[in-house]
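Now for the letters of each chain:
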Amino acid sequence: MTAIPTVKFPSGENVPALGQGTWNMGDSQRRHKEEAAALRLGIDLGMTLIDTAEMYASGGAEEVVAEAVEGRRDEVFIVSKVMPGNASRRSTIAACEKSLKRLKTDRLDLYLLHWPGAVPIGETVDALTTLKQAGKIRAWGVSNFDVEEMEELVALPDGGACATNQVMYNLKRRGIEFDLIPWCMQRHIPIMAYSPLDQGRLLRSRELETIAAKHKATAAQVALAWLLKQKQVMVIPKAGNEPHVRENHGALSIKLDGQDMTALDRAFPPPAKKNPLAST
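Residues numbered from 1 in each chain as written. Predicted model: local features only at pLDDT ≥ 70, side-chain atom pairs only at ≥ 80, totals over all residues. Heavy atoms only, no water.

*Asks:* How should the packing of aromatic side chains be read in this particular structure?
*Replies:* Each aromatic ring pair is summarised here by two numbers: the centre-to-centre distance and the angle between the ring planes. Under the definition given, this model contains two aromatic pairs. On the numbers, 5.7 Å between centres and 85 degrees between planes, the contact of F9 with F77 is edge-to-face. You can see F9 sitting in the loop between β1 (6–8) and β2 (14–16) and its partner F77 sitting in strand β5 (residues 77–82), a full 68 residues away along the chain. Per residue, the accessibility class of F9 equals that of F77, and both read buried. (Phe/Tyr/Trp six-rings, centres within 6.5 Å; stacked < 30°, edge-to-face > 60°. Helix = DSSP H or I, 4+ residues; strand = E, 2+ residues; numbered from the N terminus. Buried < 20%, exposed > 50% of the residue type's maximum accessible area, 1.4 Å probe, protein only.)

*Asks:* Help me out: how do you make sense of the pairing of strand β6 (residues 110–113) in this one?
*Replies:* Successive residues of a regular strand alternate their side chains across the two faces of the sheet. Side chains of β6 alternate between two faces, with L110 and L112 and Y111 and L113 buried alike. With helix α4 (residues 121–133) bridging β6 and the parallel strand β7 (residues 140–143), this β-α-β connection has right-handed handedness. (Right-handed = clockwise from strand over helix to strand, strands pointing away.)

*Asks:* Explanation requested: the pattern of salt bridges in the structure shown.
*Replies:* Side chains that differ in sign of charge can pair as their charged atoms come close. Inspection of every chain in the model, using the stated rule, returns 21 salt bridges. Salt-bridge contacts for E67 lead to K33; the nearest nitrogen and oxygen are separated by 3.3 Å. Here E67, found in helix α2 (residues 60–69), pairs with K33, found in helix α1 (residues 29–44); they are 34 residues apart in sequence, far enough to count as distant. Relative accessible area serves as the criterion here: at 58%, K33 is assigned to the exposed category. Of the charged contacts, one joins R102 and E62 as a salt bridge, the two residues approaching to 2.6 Å between their closest N and O atoms. Separated by 40 residues along the polypeptide, R102 in helix α3 (residues 89–103) and E62 in helix α2 bring together distant segments of the chain. Taken together, the shared-partner salt bridges connect E13, R73, D109 and R138 into one network. (Salt bridge = Lys/Arg side-chain N within 4 Å of Asp/Glu carboxyl O.)

*Asks:* Help me out: how do you make sense of the environment of V142 in this one?
*Replies:* Structurally, the position occupied by V142 is in strand β7. Distance from V142 to Q186, taken between C-alpha atoms, is 17 Å for residues 44 residues apart in sequence. When residues no more than four places from it in sequence are discounted, the contact partners of V142 are L112, L113, M150, L153, C162, T164, N165 and Q166. (Contact = heavy atoms within 4.5 Å.)

Coordinates in, geometry out; function isn't part of it.
In structure tokens form, the structure reads like this:
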């Protein structure tokens, strides 16, 4: 089995660069068993980083994760997220407790603020620090934060403890390469890339299909392989069934060469200026 590369967190902990997302999981009881089985297969294959959120299916995705990791909690690195509307000090702590209950665990490995909101970030960080000190979470970070928000965050007394920034990043959405990625790399804050296939839109790319044919792979595998070549980037594709999980895992065996990377840069040019942070 192909070994999964790792990304080092500021704490020194190594986390799999290829994990599993759960956005759009938990919406259907009919698919619950299939989704949990898919996550379990991913764990078997070494994709032990699992990302979820209280917002996904109103907690339903967390319940799918709970079923998938039953009896295997110590093997996985579970990430969940608190919504900005719950980001006050008291509500963050309460939301975390609810997530822990749905996940049937006593701690989260990483807890993120889902996106910037109206609650002052300092109040949220205070709550996250309290949760970490209590052992409810092992680390915390943010999601959908651009450079300006990150600057405000790290200026806080405890802001330097931010472990990661989870943002949309894929071949079509490369805007963060202009400023956010360099800013984070300088401070050793890794990126967690969601929507690595641009919600399926990348699969219609003729350029990706051409490179995929060369490698006897799929367009999705090429798109994931490109992200896996980026430094200090974790990728969390969602797969709701076992064949899809195996396809995602297969991206690890693709070795894109210089010619491939040049072709992809030509088809999906890197940014030449500041772009708004992508989220949809």
